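The lines below spell out each chain.
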Amino acid sequence: MKFMKSALNQALTIALASSAIALTACEKQPESAAPVEQSQAASVTRQASESLFEDYAKMRAQQVSNVSYNLQVTIDNKGETFSGVTELNFDLAENNQNDLTIDFDEGTVNSVSVNGKPVKFDYEKWFITIPASELSAGKTQVTVDYQRPYSTDGSGLHRFVDPENGEVYLYTDFEPYDANRLFPHFDQPDLKATYTMQVTAPAHWQVITSVRETSIDEKGETKVWHFPESAKFSSYIFSLHAGNYAVWEDKFEDIPLRLFARQSLAKYVKTEEWFTPTKQSFKFFNEYFGVRYPFVKYDQVVAPDFNAGAMENVAAVTFNENYIARGEKSTPAKMQLANVIAHEMAHMWFGNLVTMRWWNGLWLNESFATYMANLEVNKASDFENTWDVFYSGTKQWAYRSDDSVNTHAIELPVESTGTALTNFDGITYGKGASVLKQLPYYLGEENFRIGVSNYLKKFSYKNTELDDFIGELGKAAGKDMSQWTQDWLYNAGLNTIKVNYQCDDGKITELAINQSAPADYPTLREQRVQVGLYNYADDVMSLSTAIPVTYKGEKTQVVEAVGQTCPDLVYPNEADWGFVKVDLDDKSLDSLQKHINAIDNTTTRLMLWQSLADSVRDANLAADKFVHFAIDNIAAEKDYNVVRKIASSLSTALRYLATATRLEQKDYSELYREVEDLYLNLLAQSEAGSDFQKLWYGSYVSLAKSEKHLQNLQNILHGEQSFDGLTIDQDKRWGIVGQLNRYQFGDYAAMLAAEKAKDNSDTGVKNAIYAEVVRPDEKVKAKWFDILVNNPDELKLSTLRYIMWGLFPAEQQQLEAPYKEKILAQIPKLNEGSDLGLLGAFAGSMIPSQCTAESEAELAKLVESYSSMKPQVVKTVKARHQNVGRCVKALALLK
């Protein structure tokens with residue numbers, strides 16, 4: 001997976017780094033089948049593009065089969081390029097009329113031979129073309145001698161120089177279409193292959209891939225590592241990681257385990273945080289799937305500049321370095337790591353052993369791993385309340401995505417690998433996982449497990465379509481899944497349910513679930529939920545009964561409710577079985593507002609607080625009313641996950657109030673300061689060393705902006721104010737320095753200089769850049785905008801992101817105004833290039849917007865003018881337009 005963790009990207013980097021995501025089965029032709037006759041096929045010309053298109057990939061999957069690669073790669077710690085020789089072995093189809101293309105992104109091709117003889121070829125930037133006339137049917141070997149620059153954007157073969165000690169580290173990250181930035185080959189998931197590799201590297205380096213080496217030969221200042229033939233799998237999960245990594249070893253039964261990290265981070269690695277959940281996950285998955293782990297060994301590599309959360313390379317998983325804390329981790333942070341470890345391991349079976357045929361199947365790959373990771377953490381780990389964490393994080397990401405202008409069906413056509421890159425979203429991860437979560441309730445838990453196990457056994461080392469998976473589930477449960485599949489997987493949109501009921505003489509006489517759908521996505525779905533009936537007595541709101549019911553259509557009568565005690569509150573998705581938005585009836589809403597802290601079920605309180613937060617977002621509840629309600633109730637809440645939800649929702653509501661103040665609509669400064677005071681008090685009152693203390697510290701630092709509270713931050717930085725049990729480690733210091741520079745408080749420049757002198761780590765360098773960039777200073781903005789656009793020092797994408805995040809925060813829109821046209825002019829230039837990572841990051845961070853009707857109208861025009869651009873731009877500007885519209889409506893309630 002590209003584990004997005006809803007975005008580990010920005011949220012983890014700035015917030016964490018500173019304060020510390022049926023159809024009947026039919027037999028498919030296996031990908032290793034005999035070559036397909038092509039005599040009747042017309043010649044196909046490949047489109048010149050940085051992406052691979054599905055129609056061409058389909059043709060090529062008929063053109064070649066039985067693929068294996070023999071790789072020779074030479075890497076070093078001095079140059080900016082690497083070299084290699086790739087032997088591609090395959091069967092070419094009879095009567096082939098098409099030229100053969102070999103994917104290879106922006107390198108240098110020295111020579112190409114076919115079956116040992118040099119041949120004519122063309123190479124223009126993205127792929128090598130060998131004319132059909134140079135090829136013969138049957139067993140074929142193509143040899144390519146090449147060079148290529150190391151990558152600096154976190155994909156392909158990425159090169160990182162540690163600023164602390166000058167050590168060079170390499171790692172690969174390929175999904176969906178970057179394996180061809182390491183070696184020339186057929187880079188599509190349904191051309192599975194085996195890999196044999198020889199790597200020449202500096203003598204003091206570790207070299208890691210999908211198998212362990214059979215021998216290492218010394219050759220002067222280098223060593224030659226020999227890796228035997230691997231199992232058969234898709235190239236996007238192949239890997240090559242190398243460098244002077246520190247290594248720790250352990251074992252689960254007969255499976256060797258290794259953990260790697262940079263030498264300068266080694267002192268912060270707590271191996272039990274890695275090996276314990278790894279072993280727990282292996283035990284659970286081996287038993288649950290009924291298929292033993294197939295790839296012999298298991299390595300986990302913590303990689304610098306990593307763009308996502310983690311990636312499931314076969315037996316050599318990579319992780320973002322944010323999972324190594326330079327201070328004390330909270331329990332939720334440890335739980336998140338355990339979840340990501342389980343997620344990547346689940347992919348070893350679901351995605352690596354059995355793989356989607358094309359990128360339209362990405363959702364099932366990621367959704368299944370997301371669901372299985374949470375199931376494993378819930379059943380086999382040391383952590384608690386897993387599904388509450390899933391609800392408040394992954395599932396809310398799904399709800400927001402499904403309620404957005406960019407929603408899409410879970411299963412949808414994917415034209416190209418470039419389009420696939422934009423589908424790593426809340427639908428692919430969150431909604432898909434939420435839909436899978438409801439299936440055990442619908443089919444039966446054991447039926448679901450058996451269906452999954454049968455699927456893995458039947459299609460091991462093969463590629464599949466959706467029908468294969470759904471078919472095995474349907475067979476195991478004895479259910480026709482065709483309508484369920486159509487409603488849930490092929491139709492987009494988020495449904496809403498609301499309960500209507502009548503009581504007489506203290507008893508329910510009628511209760512029905514009414515289901516609605518958005519006008520643009522009118523599908524009404526069937527699913528199984530629980531209707532929770534709550535009653536208030538003796539200062540406690542307790543669950544009287546939970547009634548399981550399968551609802552469908554516009555109205556479903558719940559006859560089992562008749563005769564039950566008339567409830568004070570009804571929640572029709574009790575225990576979060578379903579994927580649906582809940583609209584509370586008036587009596588229940590009134591009970592919530594009067595007795596929310598009296599509800600004795602933490603999951604229900606969590607979901608009710610979320611309902612209130614949704615009401616603010618949907619402009620059904622004024623943000624200031626929510627803030628007052630949260631202030632009145634937050635101190636009495638004792639569950640960590642509920643408190644975290646309240647704090648997160650409170651921060652969102654405060655942003656509306658800050659915007660109203662900035663636009664001179666209404667001054668909420670006093671209310672904002674009241675929340676600053678509240679957070680400081682909650683921090684001071686928290687138990688020493690507790691998770692609550694860590695939560696309130698992070699919340700307080702990110703919120704503080706008034707003079708009194710910025711002074712407090714400065715005092716904390718200088719050790720003049722402290723909290724028992726809370727260590728202000730280097731990353732927490734950077735959080736304070738960033739906030740003080742953002743508001744230019746005190747001697748902010750000197751404080752930044754002092755921290756730069758203390759911390760020359762990669763994290764320190766990036767945080768120092770952010771702290772300078774975020775200053776509200778015209779000269780600073782001019783300097784860093786020029787660096788961002790022109791990049792004279794060839795800064796890495798991971799560093800450029802810090803510049804983007806710091807340039808124009810919400811309160812600095814006057815400083816942004818002179819750059820508006822320059823920003824909008826830069827996006828088409830990036831769109832014409834092939835760096836999709838930079839394009840997506842720039843569009844996502846830099847498109848100007850304000851919470852005004854004028855900005856909404858400007859963005860509407862931008863949606864039209866950008867409509868023909870790449871999905872990275874189109875989706876971003878559409879979402880920005882919608883969010884500004886939501887904000888305008890939310891502010892209208894504050895008048």
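Here the structure is shown first, and the text comes after it.
Description of the structure in this document. (Residues numbered from 1 in each chain as written. Predicted model: local features only at pLDDT ≥ 70, side-chain atom pairs only at ≥ 80, totals over all residues. Heavy atoms only, no water.)

**Comments concerning the packing of aromatic side chains**
Following the criterion strictly, the structure yields 51 aromatic pairs and no others. Sitting over the ring of Phe127, Arg46 keeps its end group 4.1 Å from the ring centre. Above the face of the Tyr442 ring, Lys479 is positioned so that its terminal group lies 4.6 Å from the ring centre. (Phe/Tyr/Trp six-rings, centres within 6.5 Å; stacked < 30°, edge-to-face > 60°. Lys NZ or Arg CZ within 6 Å of the ring centre and 35° of its normal.)

**Comments concerning a negative patch on the surface**
On the surface, a cluster of negative charge is contributed by Asp632, Asp667, Glu670 and Glu674. Tracing the backbone shows Glu674 in helix α16 (residues 669-685). You can call Glu674 partly exposed: its relative accessible area is 39%. (Patch = residues over 30% accessible without salt bridge, like charges linked within 9 Å, V, L, I, M, F, W, Y side chains within 5 Å. Areas by Shrake-Rupley, 256 points an atom, 1.4 Å probe, with all protein chains shown as cover. Salt bridge = Lys/Arg side-chain N within 4 Å of Asp/Glu carboxyl O. Lys, Arg positive; Asp, Glu negative; His and termini not counted. Charge placed at Lys NZ, Arg CZ, Asp CG, Glu CD. Helix = DSSP H or I, 4+ residues; strand = E, 2+ residues; numbered from the N terminus. Buried < 20%, exposed > 50% of the residue type's maximum accessible area, 1.4 Å probe, protein only.)

**Observations concerning helix α14 (residues 623-633)**
For α14, a buried count of eight out of eleven residues is recorded, marking the element as mostly surrounded by other parts of the structure. Within α14 the residues assigned to the buried category are Ala623, Asp624, Phe626, Val627, Phe629, Ala630, Ile631 and Asn633.

**What to know about the nonpolar core**
Counting residues in each nonpolar core, the largest one holds 235 residues, and the members touching the most others are Ile75, Ile130, Val142, Phe186, Trp349, Met372 and Phe469. Tallying contributions element by element places helix α15 (residues 640-662) first for this core, with eleven residues. Look past the residues within four positions of Trp349 in its chain and what remains in contact with it is Phe282, Phe285, Asn286, Phe289, Val291, Arg292, Tyr293, Pro294, Val354 and Leu456. By size, the runner-up hydrophobic cluster in this structure holds 34 residues, among which are Ile787, Met804, Leu807 and Val873. (Core = buried A, V, L, I, M, F, W, Y, C linked by side-chain atoms within 4.5 Å. Contact = heavy atoms within 4.5 Å.)

**Some thoughts on the sheet that holds strand β15 (residues 241-243)**
The strand order across the open sheet formed by four strands is β9-β10-β15-β12, and the pairing between neighbours is antiparallel. Two strands lie at the open edges of the sheet, namely β9 (156-161) and β12 (206-208), each paired on one side alone. Across the sheet, the mean angle from the axis of one strand to that of its neighbour is 10 degrees, orientation sign disregarded. With two bridges joining them, strand β10 (residues 168-173) and β15 adopt antiparallel strand pairing. (Pairing = 2+ DSSP bridges. Axes fitted to C-alpha atoms, helices over the stretch in contact; angles between N-to-C directions.)

**What about the pattern of salt bridges?**
Counting across every chain of the model gives 47 salt bridges. Of the charged contacts, one joins Asp299 and Lys297 as a salt bridge, the two residues approaching to 2.6 Å between their closest N and O atoms. Note on accessibility: Asp299 and Lys297 belong to one class, buried. Three or more residues are tied together by salt bridges with common partners; here these are Asp105, Arg148, Asp153, Asp178 and Arg181.

**Some thoughts on unusual backbone geometry**
Residue Pro176 is bonded to the preceding Glu175 through a cis peptide linkage, with omega at 0 degrees. Tracing the chain through its elements places Pro176 in the loop between β10 and β11 (193-202). At Val296, a position not held by glycine, the phi torsion is positive, near 75 degrees. Its place among the elements puts Val296 in the loop between α3 (272-289) and β18 (298-303).

**Here we look at the state of the cysteines**
Under the counting rule described, the total for this entry stands at two disulfides. Cys503 shares a disulfide with Cys566; S-S distance 2.1 Å. One disulfide, between Cys503 and Cys566, carries an S-S torsion of 90 degrees and so falls in the right-handed class. Of the two residues, Cys503 is situated in strand β23 (residues 496-504) and Cys566 in the loop between β27 (555-557) and β28 (569-571); the sequence distance between them amounts to 63 residues. Given the relative accessible area of 18%, Cys566 is considered buried. Between the sulfur atoms of Cys851 and its disulfide mate Cys887 the distance is 2.0 Å. (Disulfide = S-S within 2.5 Å.)

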